[in-house]
Amino acid sequence: MAEGRASNYAREDSLAGPGEWSGARARESAAADSGLLARVIPGIIDTHIHQWDPMHSPWKASRRGRLYRAAPVLGKAIFRYAVAQRDRELILDPRIVARSYLPRNYYSDAAGAVAVSGVPVESVVYVETDWSADDPLGSAAETRWVTNLPFGKNDAPDLAAIVARGDPRNPKFGQLIDMHLDVSDKVRGIRCASAWHPDPQVRSWADRAGVLADPEFLSGFSAIAERDLVFEAWVYSHQLREVRALAREYPDTTIVLNHLGTPVGLFGPMGQTTGSTAAQRHELMRAWREDISALAQCRNVVAKLSGVAFPLLGYGHQRSGNIGTQQTLTNMTGPLIEHAVKAFGPDRLMFGSNFPADKPNATLPMIVGSQLEILEPYGGSLLRKVFRDNARRVYRLA
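The rules behind each value
- In this convention, every chain numbers its residues from 1, walking through the sequence in written order.
- Reporting in this predicted model follows two pLDDT cut-offs: at least 70 for local features of residues, and 80 or more for side-chain atom pairs to be given and counted; totals over whole chains, interfaces and linings ignore these cut-offs and use all residues.
- To obtain the side-chain values, all non-hydrogen atoms of the structure were used and water was disregarded.
- pLDDT: the predictor's confidence for each residue, scored from 0 to 100.
- Contacts between residues were defined by any pair of non-hydrogen atoms, one from each residue, lying within 4.5 Å.
- Comment: axis = line fitted to C-alpha atoms, over the contacting stretch for helices; angle = value between 0 and 180 degrees taken between N-to-C directions.
- Secondary structure follows DSSP: runs of H or I at least 4 residues long count as helices, runs of E at least 2 residues long count as strands, and numbering of each begins at the N terminus.
- Under this scheme an angle from 65 to 115 degrees is roughly perpendicular, one under 35 degrees roughly parallel, and one over 145 degrees roughly antiparallel; angles in between are oblique.
- By convention the crossing between two helices is left-handed if the near helix lies anticlockwise of the far one by an angle smaller than a right angle, and right-handed if it lies clockwise.
- Three residue categories are used. Nonpolar comprises Ala, Val, Leu, Ile, Met, Phe, Trp, Tyr, Cys and Pro, charged comprises Asp, Glu, Lys and Arg, and polar comprises the others, including Gly.
- Note on ring pairs: Phe, Tyr and Trp rings are taken, using the six-membered ring of Trp, and paired if centres are within 6.5 Å. Classes follow the plane angle, with under 30 degrees stacked, over 60 edge-to-face and the rest tilted.
- Burial here depends on accessible area, computed with a 1.4 Å probe over protein chains only, as a share of the maximum for the residue type. Under 20% is buried, over 50% is exposed, and the range in between is partly exposed.
- The criterion is that NZ of a Lys, or CZ of an Arg, lies within 6 Å of the ring centre and within 35 degrees of the ring normal, and then a charge sits over that ring.

**So, the confidence of the model for the protein**
Consideration 1: Across the protein, the average pLDDT comes to 87, with 82% of residues at or above 70.
Consideration 2: In the model, residues 1-32 has pLDDT below 50 throughout and makes 63 contacts with residues more than four positions away in sequence or in other chains.

**Let's talk about the packing of helix H10 (residues 140-147) against helix H11 (residues 173-183)**
Consideration 1: Packing of H10 against H11 leaves a shortest axis separation of 9 Å and a crossing angle of 15°. Here H10 is positioned roughly parallel relative to H11, judged by the angle of their axes. The way H10 lies across H11 gives a crossing that is right-handed. Counted together, Ala140, Thr143, Arg144 and Thr147 of H10 and Leu176, Met179, His180 and Val183 of H11 form the full contact between these two elements.
Consideration 2: Its residues placed into classes, the contact of H10 with H11 shows four nonpolar, three polar and one charged.

**Thoughts on the environment of Arg95**
Consideration 1: With respect to the helices and strands, Arg95 occurs in helix H7 (residues 95-98).
Consideration 2: Taking C-alpha positions, Arg95 is 9.4 Å from Pro360, a pair spaced 265 residues apart along the chain.

**Re the packing of aromatic side chains**
Consideration 1: A full pass over the atoms with the stated rule returns ten aromatic pairs.
Consideration 2: When the ring of Trp205 is compared with that of Trp234, the centres are 5.3 Å apart and the planes differ by 50°; the resulting orientation is tilted. Residue Trp205 is found in the loop between strand E4 (187-191) and helix H12 (215-220), and its partner Trp234 is found in the loop between strand E5 (230-233) and helix H14 (240-249); the two are separated by 29 residues along the sequence.
Consideration 3: Residue classification places Trp205 among the partly exposed residues on the basis of a relative accessible area of 25%.
Consideration 4: One aromatic cluster is present, built from ring pairs that chain together Trp205, Trp234, Tyr236 and Phe310.
Consideration 5: Just above the ring of Trp205 sits the side chain of Arg203; from NZ or CZ to the centre is 4.1 Å.

Next comes the structure, spelled out in structure tokens:
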């Protein structure tokens, strides 16, 4: 770890915001070094990407995507009046869900990472995208679909691993996992999106609060443990204690926290009232820091440095649909990433772009460059682990 960190981050406990992070200016020289990762790794493993094809798949957002695509001239009006606030704030730019996002699209977005870091994105981890299925075993079709996408062709990165969808409360959950495993030997984990928010205008992914503590969930979770798979937890920040309880219940199962727990509204108003005042945002940051520190005490929990430009953080209140510059992103997210490093240490952090969900706010090279700017002072060993080695260990990659 770099020395003298306390003096560099005197305002670490304040709310992140442009110009509020004193360490950012000290790192400007690091951002200018475009070959930083070339010194330590041959390529980046992006541990969190999505793929979709709204015209040819049962993705839940397909209906709105088709609507926008069918009426490009009236698209913005349709988006404004036909789509609920909770969904508008989630995606910001309707074109993101209206268009297919496939390996060639990801390659186009990721190509600029070479100029920023000195190395390309060599492989990716695909994370489920909430396909709609009447059949409780139907999500295995998503695994089959992504397995057949042209990863590793025409310069697109390789598909390193798949995190499939499944709900441990499903009586056929074990059977579903086995179907995923039969479809692809790249399946390394299961995600049950359990993010739920009390603000009715913030998008909830779970059908109710407290899913991770549900007795049926805890009982069904044993199917993940028995198959030595990773569980990916996507929750909002007020649910971090539920993740901690789950990690304690299954201490031998690796649990990967997505998007640092997504503190909704941390950077600006979201939903009906979330993050609407500076006092609320300060309290969000205080509670997030405390709960992240407590969760990190569970040694079986790994955190993804992902979702740093996610609209749900509150960037959408700027109405520009864009954070602006890499330095602004660094200033805003620096305290979050710094605290995650302090809490989890170098061996339990992984880089993830969350593309294309983060695309309305930042480019992929911008996200890579910002994280390099923040993490460079910790040295090459941490960079190697965050951008490659930890992913190889967690997902058991050859």
